[in-house]
Amino acid sequence: MRSMAGELRERFPDARIVGRVTYHGGMEHTEDIVWLPDGAMFHASGWPGEEPFVVSGDPHAVIAALGLPDWMLDSAGVDLNEDANEVHWASLAGLALGHSDPWGWEQMQTTAFRVRHSQEAVRDMEALYFI
(Lines give C-alpha, C1' and ligand atoms only; values in the text may rest on other atoms or scores of the structure.)
Protein backbone atom coordinates (compact mmCIF):
# COMPACT_ATOMS: atom_id res chain seq x y z
CA MET A 1 0.00 0.00 0.00
CA ARG A 2 2.91 2.34 0.74
CA SER A 3 4.17 2.20 -2.84
CA MET A 4 0.67 2.83 -4.23
CA ALA A 5 0.30 5.81 -1.90
CA GLY A 6 3.59 7.12 -3.29
CA GLU A 7 2.25 6.85 -6.82
CA LEU A 8 -0.92 8.67 -5.78
CA ARG A 9 1.21 11.38 -4.12
CA GLU A 10 3.05 11.92 -7.41
CA ARG A 11 -0.20 12.13 -9.41
CA PHE A 12 -2.15 14.17 -6.85
CA PRO A 13 0.31 16.20 -4.73
CA ASP A 14 -2.47 18.22 -3.07
CA ALA A 15 -4.49 15.16 -2.00
CA ARG A 16 -4.98 13.85 1.52
CA ILE A 17 -4.20 10.16 1.12
CA VAL A 18 -5.69 7.83 3.72
CA GLY A 19 -5.65 4.07 3.38
CA ARG A 20 -6.41 0.96 5.41
CA VAL A 21 -5.95 -2.68 4.55
CA THR A 22 -6.77 -5.64 6.75
CA TYR A 23 -5.80 -9.19 5.87
CA HIS A 24 -7.33 -12.08 7.82
CA GLY A 25 -5.07 -15.11 7.65
CA GLY A 26 -5.49 -16.88 10.95
CA MET A 27 -4.58 -13.57 12.55
CA GLU A 28 -5.31 -10.06 11.39
CA HIS A 29 -2.58 -8.12 9.57
CA THR A 30 -3.24 -4.39 9.24
CA GLU A 31 -1.72 -1.59 7.26
CA ASP A 32 -2.67 2.07 7.65
CA ILE A 33 -1.32 5.20 5.98
CA VAL A 34 -2.06 8.90 6.22
CA TRP A 35 -0.16 11.23 3.89
CA LEU A 36 -1.07 14.90 3.97
CA PRO A 37 -0.45 17.51 1.25
CA ASP A 38 2.15 19.26 3.44
CA GLY A 39 4.21 16.03 3.50
CA ALA A 40 3.32 14.88 7.01
CA MET A 41 2.91 11.09 6.84
CA PHE A 42 2.77 7.92 8.86
CA HIS A 43 2.59 4.32 7.70
CA ALA A 44 1.90 1.51 10.20
CA SER A 45 2.00 -2.15 9.26
CA GLY A 46 1.96 -5.42 11.15
CA TRP A 47 0.03 -7.87 13.27
CA PRO A 48 -1.76 -5.96 16.07
CA GLY A 49 -0.77 -7.35 19.43
CA GLU A 50 2.32 -8.98 17.89
CA GLU A 51 5.84 -7.97 17.01
CA PRO A 52 7.33 -6.85 14.70
CA PHE A 53 5.09 -3.92 13.95
CA VAL A 54 6.65 -1.27 11.68
CA VAL A 55 5.82 2.43 11.80
CA SER A 56 7.48 4.90 9.45
CA GLY A 57 6.98 8.61 9.10
CA ASP A 58 5.85 10.80 11.98
CA PRO A 59 2.36 10.27 13.41
CA HIS A 60 2.90 13.23 15.75
CA ALA A 61 3.44 15.50 12.72
CA VAL A 62 0.19 14.18 11.17
CA ILE A 63 -1.71 14.90 14.39
CA ALA A 64 -0.22 18.41 14.58
CA ALA A 65 -0.93 19.15 10.90
CA LEU A 66 -4.55 18.04 11.32
CA GLY A 67 -4.89 20.07 14.51
CA LEU A 68 -6.35 17.11 16.40
CA PRO A 69 -6.90 17.95 20.07
CA ASP A 70 -6.09 15.43 22.81
CA TRP A 71 -9.78 14.85 23.59
CA MET A 72 -10.40 13.64 20.01
CA LEU A 73 -7.46 11.24 20.23
CA ASP A 74 -8.71 9.98 23.60
CA SER A 75 -12.26 9.52 22.25
CA ALA A 76 -10.89 7.51 19.31
CA GLY A 77 -8.69 5.39 21.58
CA VAL A 78 -5.45 6.64 20.01
CA ASP A 79 -2.55 6.66 22.47
CA LEU A 80 0.86 7.02 20.85
CA ASN A 81 2.52 6.24 24.19
CA GLU A 82 1.48 2.60 23.74
CA ASP A 83 3.67 0.10 21.91
CA ALA A 84 3.26 0.46 18.14
CA ASN A 85 1.44 -2.88 17.88
CA GLU A 86 -1.16 -1.69 20.43
CA VAL A 87 -1.97 1.72 18.88
CA HIS A 88 -5.35 2.02 17.13
CA TRP A 89 -3.90 3.21 13.81
CA ALA A 90 -7.21 2.79 11.97
CA SER A 91 -8.82 5.22 14.40
CA LEU A 92 -6.12 7.79 13.67
CA ALA A 93 -6.70 7.27 9.94
CA GLY A 94 -10.42 7.75 10.56
CA LEU A 95 -9.73 11.06 12.31
CA ALA A 96 -7.73 12.13 9.25
CA LEU A 97 -10.81 11.50 7.10
CA GLY A 98 -13.03 13.55 9.39
CA HIS A 99 -16.65 13.59 8.22
CA SER A 100 -15.68 11.56 5.14
CA ASP A 101 -14.82 8.52 7.27
CA PRO A 102 -16.80 5.59 5.79
CA TRP A 103 -15.61 3.17 8.48
CA GLY A 104 -17.89 4.77 11.05
CA TRP A 105 -21.06 4.66 8.96
CA GLU A 106 -23.50 2.27 10.59
CA GLN A 107 -25.56 2.02 7.41
CA MET A 108 -22.54 0.78 5.42
CA GLN A 109 -22.66 -3.00 5.49
CA THR A 110 -20.40 -4.05 2.66
CA THR A 111 -17.95 -2.26 0.43
CA ALA A 112 -16.10 -3.98 -2.37
CA PHE A 113 -13.82 -2.65 -5.05
CA ARG A 114 -11.20 -4.07 -7.35
CA VAL A 115 -7.61 -2.91 -7.10
CA ARG A 116 -5.21 -3.37 -9.97
CA HIS A 117 -1.73 -4.21 -8.66
CA SER A 118 1.57 -3.97 -10.47
CA GLN A 119 3.45 -7.24 -11.04
CA GLU A 120 6.00 -6.10 -8.44
CA ALA A 121 3.25 -5.56 -5.85
CA VAL A 122 1.77 -9.00 -6.60
CA ARG A 123 5.20 -10.63 -6.14
CA ASP A 124 5.62 -8.80 -2.82
CA MET A 125 2.20 -9.98 -1.63
CA GLU A 126 2.92 -13.54 -2.71
CA ALA A 127 6.26 -13.46 -0.89
CA LEU A 128 4.55 -12.20 2.26
CA TYR A 129 1.49 -14.42 2.30
CA PHE A 130 2.53 -17.57 0.45
CA ILE A 131 5.96 -18.31 1.88
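To start, this report covers the structure provided alongside it.

So, how was this worked out
Residues numbered from 1 in each chain as written. Predicted model: local features only at pLDDT ≥ 70, side-chain atom pairs only at ≥ 80, totals over all residues. Heavy atoms only, no water. Buried < 20%, exposed > 50% of the residue type's maximum accessible area, 1.4 Å probe, protein only. Helix = DSSP H or I, 4+ residues; strand = E, 2+ residues; numbered from the N terminus. Arc of directions from axis to C-beta. Contact = heavy atoms within 4.5 Å. Polar contact = N/O pair within 3.5 Å; in protein donor to acceptor, adjacent residues only side chain to side chain. Salt bridge = Lys/Arg side-chain N within 4 Å of Asp/Glu carboxyl O. Pairing = 2+ DSSP bridges. Axes fitted to C-alpha atoms, helices over the stretch in contact; angles between N-to-C directions. Patch = residues over 30% accessible without salt bridge, like charges linked within 9 Å, V, L, I, M, F, W, Y side chains within 5 Å. Areas by Shrake-Rupley, 256 points an atom, 1.4 Å probe, with all protein chains shown as cover. Lys, Arg positive; Asp, Glu negative; His and termini not counted. Charge placed at Lys NZ, Arg CZ, Asp CG, Glu CD. Phe/Tyr/Trp six-rings, centres within 6.5 Å; stacked < 30°, edge-to-face > 60°.

1. What to know about helix 2 (residues 59–66)
Turning to helix 2, its buried residues are Pro59, Val62, Ile63 and Leu66. Angularly, the buried residues of helix 2 cover 100° about the axis, an arc narrow enough to put them on a single face. Opposite its buried face, helix 2 presents the exposed residues His60 and Ala64, each directed more than 90 degrees away. In this structure, the buried residues of helix 2 make contact with strand 2 (27–35), strand 3 (41–46), strand 4 (53–57), helix 3 (70–76) and helix 4 (89–97). Backbone nitrogen of His60 and a side-chain oxygen of the N-cap are separated by 3.0 Å at the start of helix 2; the cap is Asp58. Positioned one or two residues after helix 2, Gly67 has a phi angle of 70°, which is positive.

2. Let's talk about the pattern of salt bridges
Scanning the model with the defined rule gives one salt bridge in all. Linking Asp32 and Arg20 is a salt bridge whose minimum nitrogen-to-oxygen distance equals 2.8 Å. On the criterion of sequence distance, the pair formed by Asp32 in strand 2 and Arg20 in strand 1 (residues 17–25) is long-range, its members being twelve residues apart. On the basis of relative accessibility, which here comes to 28%, the residue Arg20 falls in the partly exposed class.

3. Here's the deal with the sheet that holds strand 4
In spatial order, the strands read 1-2-3-4; together these four strands make up an open sheet with antiparallel pairing. Both edges of this open sheet fall to strand 1 and strand 4, since each of them pairs with a single strand only. Neighbour to neighbour, the strand axes of the sheet diverge by 10° on average, direction disregarded. Judged from the nine bridges that link them, strand 1 and strand 2 form a sheet pairing that is antiparallel. Within strand 2, the position partnered with Val18 by the bridge is Val34.

4. Brief notes about a negative patch on the surface
Together, Glu50, Glu51, Asp70, Asp74, Asp79, Glu82, Asp83 and Glu86 make up a negatively charged patch on the protein surface. Examined against the element boundaries, Asp79 turns out to sit in the loop between helix 3 and helix 4. By relative accessible area, which is 32% here, Asp79 ends up partly exposed.

5. Here's the deal with the packing of aromatic side chains
Within a pair of aromatic rings, the relevant descriptors are the distance that separates the centres and the angle that separates the planes. For the structure shown, the criterion picks out one aromatic pair. With a centroid separation of 5.2 Å and an interplanar angle of 40°, the aromatic rings of Phe42 and Trp89 are classed as tilted. With Phe42 in strand 3 and Trp89 in helix 4, this residue pair connects regions lying 47 residues apart in the sequence. We note that Phe42, like Trp89, is buried.

6. Quick notes on the environment of Ala65
As for its placement among the helices and strands, Ala65 is situated in helix 2. For Ala65, a relative accessible area of 41% translates into the label partly exposed. For Ala65 and Ala96, which are 31 residues apart along the polypeptide, the C-alpha to C-alpha distance reads 9.9 Å. Residues contacting Ala65, with those up to four places away along its chain left out, are Leu36, Asp38 and Ala40.

7. Side note on helix 4
Among the residues of helix 4, those classed as buried are Trp89, Leu92, Ala93, Gly94, Leu95 and Ala96. Packing partners of the buried residues in helix 4 comprise strand 1, strand 2, strand 3, strand 4, helix 2 and helix 3. Note on helix 4: the residue one or two positions beyond its end, Gly98, has a positive phi of about 60°.

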